[in-house]
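Summary of the model geometry
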Amino acid sequence: MQVDRDFDALIVGGGIAGLYLLYRLRGIGMSALAFEAGPNVGGTWYWNRYPGCRCDVESLEYSYSFANDLQQEWNWPERYGTQPEILKYVNYVAEKFDLRRDIRFSTRIKSATYSRRKMLWTLSTDKGENIRASYCVMATGNLSIPQTPDFHGIERFKGDWFHTGLWPHEGVDFSGKRVGIIGTGSSGIQSIPHIAQQADHLYVFQRTANFSLPARNGPLDPQIEQRHKSEYPARRKAAFDTPFGISGYPPPDKSALEVSEKERTHIYEQKWQEGGQISFLYAFNDLLLNKASNDTAAEFVRQKIRKTVNDPTVAELLAPKSHPIGTKRLILDTNYYETYNRSNVTLVDVSHQPIEEISCDGIQTGDAQYIVDSIVFATGFDAMTGAILDIDIHVEDGFSINEAWKQGPTTYLGLMMAGFPNLFTITGPGSPGVKSQMILSIEQHVDFIADCLQHLRSRDLFQIEATFEAEESWVKHVKDVADSTLYPLANSWYMGVNIPGKPKVFMPYVGGVHTYKQKCDDVVANGYTGFIMSP
Ligand code: N01
């Protein structure tokens, strides 16, 4: 047994995952300390404050389920939570459960080293401290390392520039300014309508058109909220039996190709009017499996774009053709396509004439120069692996995570990595996390970890690690499942292709939350198969 540890467990991250883990570990009598790079709780909801930022999962689903009083007493004003509202909620949770006292804020972990002899992780902070514990959990989030392309000349730019994932807390006033925004993923598509309303002129630099559906956001009907809350226990349970971890959408039983064109269009139209991505992807049972089926949904959305955007050339540029619908994050927007009908908005297609450099007063593409006062980078994140690889994680006399993941991330169940004892990840690569209602997946992972630590303690065991065989077979399974879908056809951040030099590997598990949870439950029921536990 170790004697020189400071805590039972150390947690990296004070977002939604880190907070719940802290709560659970306290509940089982373990001492834990969390480290958070930001000065307050919230993780992704702390940093992403760009105009129009809101969640694309409905508020009543996107919330913690672990405390019934919490889910009953919190009121969500809108169908989809805004960033300030969600951050307020996370702060409320931290307050209610008195979690802040065990979080070291404004502290970044630089390295994590495991000694097999001592069975201890030592975490080193950017303040020069070393703290030791038996267990270490990476609650670092999947979208926490913003990616700004290495454009030549950015240091010469005389105006202001911002990344959507690191937005100034005091806000930005674009009134009277010429603004260039680079990127048309979720962050770009949510912020463009807001910036367009304020700016003198907005240039949108689009490399790849993306599919976006109307969110149909609005105030939450108190009766709907009340009914949903009264059904919470059943709904939360039902969510685990679905692929995306979201309740309330009966699974479709027909292929898009089984019905007439008239019926198909009618169904898509209903879904379009209803709003929401799960609803739309649930129009038929094979939209993410069969390209011909998917083409019907993609063409329906392209037609909507053509009807919405007045200028046919602009409409055609906005109509996505590079990937099947739903294989990149299916975006929800409010007035995105309508924004291109404004006279102060210009779409700049950089698919063939890429951005070459940033000059002192603007953005230079292959064929033109755009003079701007401000630039917004909505260029995404080093997703899923970025925050983990940012820390020098290694085992003494063993290897580092950088070496282990050279060819792409390898995990067992997205929870542990072979060769790294007592180190856990929450919603990491190989788990359904980013392809699900994140908070539900976070709670499932945290519960797995807390139960596992309790199991170890009750048997006087201290060390757990995934076997290489279990990891290898899980990695193969994750790949086989992805290859049976249309997901690998898109150049998405799920594949790591947005980061130069990153291995091209499809990282999330897309077998569905229901299948995944059953597999985790079976692993536990069979005595933690695929893990080695030792005294
Ligand atoms: O980032 P992205 P994001 N020149 O990677 C473009 C979650 N999220 O921050 O596609 C020109 O999706 C790039 O172009 P291309 C959600 O899971 C959720 O928008 O690579 N363009 C792309 O258009 C989401 O998926 C919410 O050709 C360049 C864009 O930048 C994830 O976060 C809200 C470029 C990046 O899009 C990431 O979304 C926001 C270059 N050199 C985010 N480099 C909600 O809950 C990159 N791009 C609603």
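Here goes a summary of the coordinates provided. (Residues numbered from 1 in each chain as written. Predicted model: local features only at pLDDT ≥ 70, side-chain atom pairs only at ≥ 80, totals over all residues. Heavy atoms only, no water.)

1. Let's talk about the overall build of the protein chain
When its secondary structure is counted, the protein chain shows 17 helices and 22 strands. Relative to a compact globule of 535 residues, whose C-alpha radius of gyration would be 24 Å, the protein chain shows 23 Å and is just as compact. Evaluated residue by residue, the protein chain yields a buried proportion of 58% over its 535 residues. Pairs at least 24 apart in sequence give 72% of the contacts found in the protein chain among residues at least 6 apart. Working note: accessible area of the protein chain is about 21,800 Å², and carbon and sulfur atoms make up 49% of it. Averaging the coordinates of the 52 positive side-chain charges in the protein chain and doing the same for the 63 negative ones gives two points 2 Å apart. (Helix = DSSP H or I, 4+ residues; strand = E, 2+ residues; numbered from the N terminus. Rg over C-alpha atoms; globule rule 2.2 N^0.38 Å. Buried < 20%, exposed > 50% of the residue type's maximum accessible area, 1.4 Å probe, protein only. Contact = heavy atoms within 4.5 Å. Areas by Shrake-Rupley, 256 points an atom, 1.4 Å probe, with all protein chains shown as cover. Lys, Arg positive; Asp, Glu negative; His and termini not counted. Charge placed at Lys NZ, Arg CZ, Asp CG, Glu CD.)

2. A look at helix α1 (residues 16-27)
Taking 1.5 Å per residue as the helical rise, α1 with its twelve residues ought to reach 16 Å, and the 17 Å between its terminal C-alpha atoms agrees with that figure. In terms of burial, α1 is largely enclosed, as nine of its twelve residues are buried. Residues of α1 that are buried include every one of Ile-16, Ala-17, Gly-18, Leu-19, Tyr-20, Leu-21, Leu-22, Arg-24 and Leu-25, and no others. Downstream of α1 by one or two residues, Gly-29 has phi in the positive range, about 75°. (Expected span 1.5 Å × (residues − 1).)

3. Digging into the pairing of strand β19 (residues 392-395)
Every second residue of β19 is oriented toward a common face, the buried set being Ile-393 and Val-395 and the non-buried set Asp-392 and His-394. Bridging between strand β6 (residues 109-115) and β19 involves four bridges; their strand directions are parallel. Directly across from Thr-113, in β19, lies its bridge partner His-394. (Pairing = 2+ DSSP bridges.)

4. Examining the packing of aromatic side chains
Applying the stated criterion to the full structure yields 43 aromatic pairs. Measuring from ring centre to ring centre gives 5.0 Å for Tyr-114 and Trp-121, while their planes differ by 40°; the resulting arrangement is tilted. For the pair Tyr-114 and Trp-121, one class covers both residues: buried. Taken together, the ring pairs connect Tyr-20, Tyr-23, Tyr-64, Phe-66, Trp-74, Trp-76, Tyr-89, Tyr-92 and Phe-97 into an aromatic cluster. The ring of Tyr-46 carries Arg-49 above its face, with NZ or CZ at 4.8 Å from the centroid. When the ring centre of Phe-240 is taken as origin, the NZ or CZ atom of Lys-517, which lies over that ring, is 5.2 Å away. (Phe/Tyr/Trp six-rings, centres within 6.5 Å; stacked < 30°, edge-to-face > 60°. Lys NZ or Arg CZ within 6 Å of the ring centre and 35° of its normal.)

5. Quick look at the sheet that holds strand β17 (residues 369-371)
The strand order β15-β16-β17 describes an open sheet built from three strands, whose pairing is antiparallel. On the outer flanks of this sheet lie β15 (355-359) and β17, each paired with one strand and no other. Neighbour-to-neighbour, the strand axes of this sheet turn through a mean angle of 20°, independent of strand direction. Two strands pair when backbone bridges link them, and strand β16 (residues 362-365) and β17 are joined in this way by three bridges, in the antiparallel orientation. When the sheet's bridge partners are listed, Ile-363 is paired in β17 with Tyr-370. (Axes fitted to C-alpha atoms, helices over the stretch in contact; angles between N-to-C directions.)

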